[in-house]
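Overview (structure and organization)
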Amino acid sequence: MQKHTNRLIVAAVLIAAGVIGGFFVFAAHRRAAGIDAAADDVTRRVERMIATAGDIAAAQQSAMLLQRFGQDAAAIRPLLQSNDAAATLDEVEKDFKAIVVIDGKARQDLQQAQNLLAADLIFGEGHDTIAALVMTLRGLESSEEQTAAVERASLERQQWGGLVLVALVWVVGLMVLVPMASTVAPANPEPLNLEPSNLEPPNHQVPATVDLAATADVCGALVRTTNTASLRDALARSASVLDARGIIVWMGAGEELFPALWFGYDERIVQRLGPIARNAANATAEAWRTAQLRTVSADVMSHGAVAVPITGVSGCVGVFAAEVRNGREEDPATRAVAAILAAQLAGIVPAWPAGSATEVPKTA
């Protein structure tokens, strides 16, 4: 009865984790859609302000165009997100006020029949001020696009982090449920044979289990990755969790895979390995082609290996390959953790292009 209750509790936890994870991903998706909508609105308004500035120059400071530009400048301020947006918009308004002043002087000169002075103001100082205004608006637009891109990337990392944590909960929950099911006694148990020969320990070696706490720490480190140094540390810790002699992160470019990141190998060895053609007859290329996990069994001369596809929203973009010891390539928990780490890397490694390979130094 107690075991049945425990199984129900674990199942409820798994369902709750799935619901919470789904809600988190949905909320993150809505936030990303809001960021995109705000960025599109800012871009549209800035482009309209630039077009209005050009019309002002062509129309010799039309009063209606000046009024429309001022309305757009006032409406765009609460939409801006970049750090220097307020200062940039202040500069835009300063140039706009200068244009209004020039327009007033030009109108006064025209009323006094000073056509040459008015033309000099419009085509000299007026055009220079408008050119400076357009340049400032272009800078503001670029800054807002970069800020929106950074926010979208951060949300994507959070989504992957949430999915990985839910996957970890499910892995742990399933590992707990399986032993519970296997330890349920049969209805009519056979009498135990307690002969001394049956008390001898088995002569096969039981592989060590994966450290799930360390796995969770590595996933957390990957979520917080902001630079190459922190990614190096996370990859080294991944090797420790998988009991891997070395790890190579391969990224696809065209019809070839290139080593983008690695740990545990000399750079000259890695350079001799790559690039790998898509149609190559090895586990790494096959994992890339099929987007399916592949393993290489150990033998007397070499360790085993696990090749896990790195799959993002645009498909399989690379392969997470680990050379594992002690028969780990046959361990389901090790393969599951390798798949979790590969999924986590899918939202991170595109920031490190294959052309700038980064070696992760070997740690003790």
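Shown above is the structure to which this text applies.
To keep things clear, this report deals only with the structure shown in the data block. Here the structure is a predicted model, which means the values were calculated and not measured. (Residues numbered from 1 in each chain as written. Predicted model: local features only at pLDDT ≥ 70, side-chain atom pairs only at ≥ 80, totals over all residues. Heavy atoms only, no water.)

On to the side chain of Asp243, then. Here Asp243 shows up in the loop between helix 6 (228-242) and strand 1 (244-253). Here Asp243 falls in the buried class, since its relative accessible area comes to 18%. Only 2.8 Å separates the side chain of Asp243 from the side chain of Asn326, close enough to count as a polar contact. Those residues in contact with Asp243 that lie beyond four places of it in its chain are Glu323, Val324, Arg325, Asn326 and Arg328. (Helix = DSSP H or I, 4+ residues; strand = E, 2+ residues; numbered from the N terminus. Buried < 20%, exposed > 50% of the residue type's maximum accessible area, 1.4 Å probe, protein only. Polar contact = N/O pair within 3.5 Å; in protein donor to acceptor, adjacent residues only side chain to side chain. Contact = heavy atoms within 4.5 Å.)

For strand 2 (residues 256-263), the tally of buried residues reaches 6 of 8 residues, placing the bulk of the element in the interior. Across 7 bridges, strand 1 lies against strand 2 in antiparallel orientation. Across the sheet, residue Met251 finds its bridge partner in strand 2, namely Phe258. Hairpin connection, strand 1 to strand 2: the antiparallel pair is bridged by 2 residues, and Gly254 has positive phi, about 70°. By the bridge criterion, 2 bridges tie strand 2 to strand 3 (residues 276-277) in an arrangement that is antiparallel. Note that in strand 3 the partner of Leu257 across the bridge is Ile276. (Pairing = 2+ DSSP bridges.)

A few words on helix 9 (residues 332-346). Here helix 9 spans 21 Å end to end across 15 residues, near enough to the 21 Å set by a 1.5 Å rise per residue. Taken together, the buried positions of helix 9 are Ala333, Thr334, Val337, Ala338, Ile340, Leu341, Ala342, Gln344, Leu345 and Ala346. (Expected span 1.5 Å × (residues − 1).)

Now for the packing of aromatic side chains. Evaluated as defined, the whole model comprises 0 aromatic pairs. The ring of Trp288 is capped by Arg278, whose NZ or CZ atom sits 3.9 Å from the centre of that ring. (Phe/Tyr/Trp six-rings, centres within 6.5 Å; stacked < 30°, edge-to-face > 60°. Lys NZ or Arg CZ within 6 Å of the ring centre and 35° of its normal.)

Moving on, we come to the nonpolar core. Counting residues in hydrophobic clusters, the biggest one holds 39 residues, and the most contacted among them are Leu222, Leu242, Val249, Phe320 and Leu341. At the level of secondary structure, the elements contributing two or more residues to this core comprise helix 4 (115-182), helix 5 (212-223), helix 6, strand 1, strand 2, strand 5 (304-312), strand 6 (315-324) and helix 9. Per-element accounting of this core gives the leading share, 8 residues, to helix 9. In this structure, Val249 is in contact with Leu235, Phe258, Pro259, Ala260, Leu261, Ile310, Val319, Phe320, Leu345 and Val349, ignoring residues within four places of it in sequence. (Core = buried A, V, L, I, M, F, W, Y, C linked by side-chain atoms within 4.5 Å.)

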